[in-house]
Amino acid sequence: MPEIKFPSDWVKINENVSEGDSLRFLNVGVFDEENERWNFKVGIVKPGDAVVEEKSFTLNKTNFNAVKEAYGTNSDAWVGKEMVVNKVKVRNPQTGTMVDSIALTAPKA
């Protein structure tokens, strides 16, 4: 029997992005005032490929710090740049269970 999944507009680990893939920033981001977060349009880049999908990505503080270390704090400089996806376990604040999440790191030179 087939497993039923609905496609998402958002980057989701284990669904449309995997460890070792990269995210390429495609815009400078938009601040969502209601939820107080930055949302970006990113391209999912599989190893050895060009962008295979475009999705939305919410930048948390931890991933911001990783991007900042690589490219600075001005998101104008991030457009066209890539960060590597790493799968990490984090605690879901609503349920208290451990879930897979995305931790970005700079690509190796």
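Residues numbered from 1 in each chain as written. Predicted model: local features only at pLDDT ≥ 70, side-chain atom pairs only at ≥ 80, totals over all residues. Heavy atoms only, no water.

Caption draft 1: Region of the structure containing helix H1 (residues 61-71). Those residues of H1 that sit buried are Asn-63, Ala-66 and Val-67. Taken around the axis of H1, the buried residues stretch over an arc of 95°, which confines them to a single face. The exposed residues of H1 that point more than 90 degrees off its buried face are Lys-61, Thr-62 and Glu-69. Contacts made by the buried residues of H1 are with strand S1 (22-25), strand S4 (51-59), strand S5 (82-91) and strand S6 (98-105). A distance of 3.2 Å separates the backbone nitrogen of Thr-62 from a side-chain oxygen at the start of H1, and that oxygen is part of Asn-60. Where H1 ends, the next residue or the one after it, Gly-72, has phi of about 90°, a positive value. (Buried < 20%, exposed > 50% of the residue type's maximum accessible area, 1.4 Å probe, protein only. Helix = DSSP H or I, 4+ residues; strand = E, 2+ residues; numbered from the N terminus. Arc of directions from axis to C-beta. Contact = heavy atoms within 4.5 Å. Polar contact = N/O pair within 3.5 Å; in protein donor to acceptor, adjacent residues only side chain to side chain.)

Caption draft 2: Molecular detail of the packing of aromatic side chains. All told, the structure shown has six aromatic pairs when counted by the stated rule. A centroid spacing of 5.4 Å and a plane angle of 55° characterise the contact between Phe-31 and Trp-38, whose relative ring orientation is tilted. Residue Phe-31 is classed as partly exposed on the basis of its relative accessible area of 37%. Through successive ring pairs, a cluster of aromatic residues spans Phe-25, Phe-31, Trp-38, Phe-40, Phe-64 and Trp-78. (Phe/Tyr/Trp six-rings, centres within 6.5 Å; stacked < 30°, edge-to-face > 60°.)

Caption draft 3: The arrangement of the pattern of salt bridges in detail. Tallying each qualifying case throughout the model produces seven salt bridges. A salt bridge links Glu-82 to Arg-24, with the nearest nitrogen and oxygen atoms 2.4 Å apart. Note that Glu-82 is positioned in strand S5 and Arg-24 in strand S1, a separation of 58 residues in sequence. For Arg-24, a relative accessible area of 24% corresponds to the partly exposed category. We note a salt bridge from Lys-89 to Asp-100, for which the minimum N-O separation is 3.0 Å. Of this pair, Lys-89 sits in strand S5 while Asp-100 sits in strand S6, and the two are eleven residues apart along the sequence. (Salt bridge = Lys/Arg side-chain N within 4 Å of Asp/Glu carboxyl O.)

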